[in-house]
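# Close look at the chain arrangement
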Amino acid sequence: MNSYMKGDWVEIVIDAGGTPRTYEIRATRAGRRVDVTTRRGLVEVSEVTRTGTPVRTARFMSSRILALVEHPADEVS
């Protein structure tokens with residue numbers, strides 16, 4: 001089982017008309033995680049609470065995405 005925690009983040013690089021732009025979505029508080037959902041040509045990246053309530057969401061057209069990199073938080077034993 002993966003434990004998500006503060007420090008998870010996703011980096012998205014998109015083609016913005018010839019110039020690539022980079023966006024970052026981070027889990028900013030303890031107990032939050034970052035979810036990535038793909039559907040109907042859209043990629044949705046959300047920071048969600050423990051109960052599943054989205055705090056912030058970013059949506060990108062999948063045809064414009066050059067790279068999507070998930071960075072898990074370092075797990076502490």
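Attention in this report is confined to the structure presented alongside it. (Residues numbered from 1 in each chain as written. Predicted model: local features only at pLDDT ≥ 70, side-chain atom pairs only at ≥ 80, totals over all residues. Heavy atoms only, no water.)

## With respect to the nonpolar core
In plain terms, the rule: Note on terminology: a nonpolar core comprises buried Ala, Val, Leu, Ile, Met, Phe, Trp, Tyr and Cys residues joined through side-chain atoms within 4.5 Å. Accessibility here uses a 1.4 Å probe with only protein chains present; expressed as a share of the type maximum, an area under 20% marks a residue as buried, one over 50% as exposed, and anything in between as partly exposed. The numbering of helices and of strands both runs from the N terminus, where a helix is a DSSP run of H or I of at least 4 residues and a strand a run of E of at least 2. Contacts are assigned to residue pairs with any non-hydrogen atoms lying within 4.5 Å of each other.
The biggest cluster of nonpolar side chains holds 11 residues, and these are Val10, Ile12, Ile14, Ile25, Ala27, Val34, Val43, Val45, Ala58, Phe60 and Ile65. Residue assignment for this core shows that the elements contributing at least two residues are β1 (9-15), β4 (42-48) and β5 (54-61). Per-element accounting of this core gives the leading share, 3 residues, to β1. When neighbours within four sequence positions are excluded, Ile25 is seen to be in contact with Asp8, Trp9, Val10, Ile12, Val34, Val45, Glu47 and Ala58.

## Here's the deal with the environment of Tyr23
Along the chain, the position of Tyr23 falls in strand β2 (residues 20-26). Sequence separation of Tyr23 and Glu11 is 12 residues, and the distance between their C-alpha atoms is 5.8 Å. In contact with Tyr23, other than residues within four places in its own chain, are Val10, Glu11, Ile12, Ile14 and Phe60.

## Digging into the pairing of β4
Definition in use: In this description, strands pair whenever DSSP reports at least two bridges between them.
Most of β4 sits out of view: 6 of its 7 residues are buried. Between strand β3 (residues 33-39) and β4, which follow one another and run antiparallel, lie 2 residues, and Arg40 among them has a positive phi close to 45°. The sheet contact formed by β4 and β5 spans 7 bridges and is antiparallel. Among the inter-strand pairings, Glu47 is bridged to a residue of β5, identified as Arg56. Linking β4 back to β5 in an antiparallel pair, the connection comprises 5 residues, with Gly52 at a positive phi of about 95°.

## Re the environment of Ala73
In this fold, Ala73 is placed in the segment after β6 (65-71). Judged by its relative accessible area of 15%, Ala73 falls in the buried class. A sequence separation of 65 residues divides Ala73 from Asp8, and the C-alpha atoms of the two residues are 4.6 Å apart.

## Some details on the sheet that holds β5
Keep this limit in mind: Whenever a helix is involved, its axis is fitted only over the stretch in contact; in every case the axis is a line through C-alpha atoms, and angles between N-to-C directions fall within 0 to 180 degrees.
Read across the sheet, 3 strands follow the order β3-β4-β5 without closing on themselves; strand pairing throughout is antiparallel. Looking at which strands have only one partner, the edges of the open sheet turn out to be β3 and β5. Across the sheet, the mean angle from the axis of one strand to that of its neighbour is 20°, orientation sign disregarded. Bridging between β3 and β4 involves 7 bridges; their strand directions are antiparallel. Residue pairing for β4: Val34 is matched across the bridge by Glu47.

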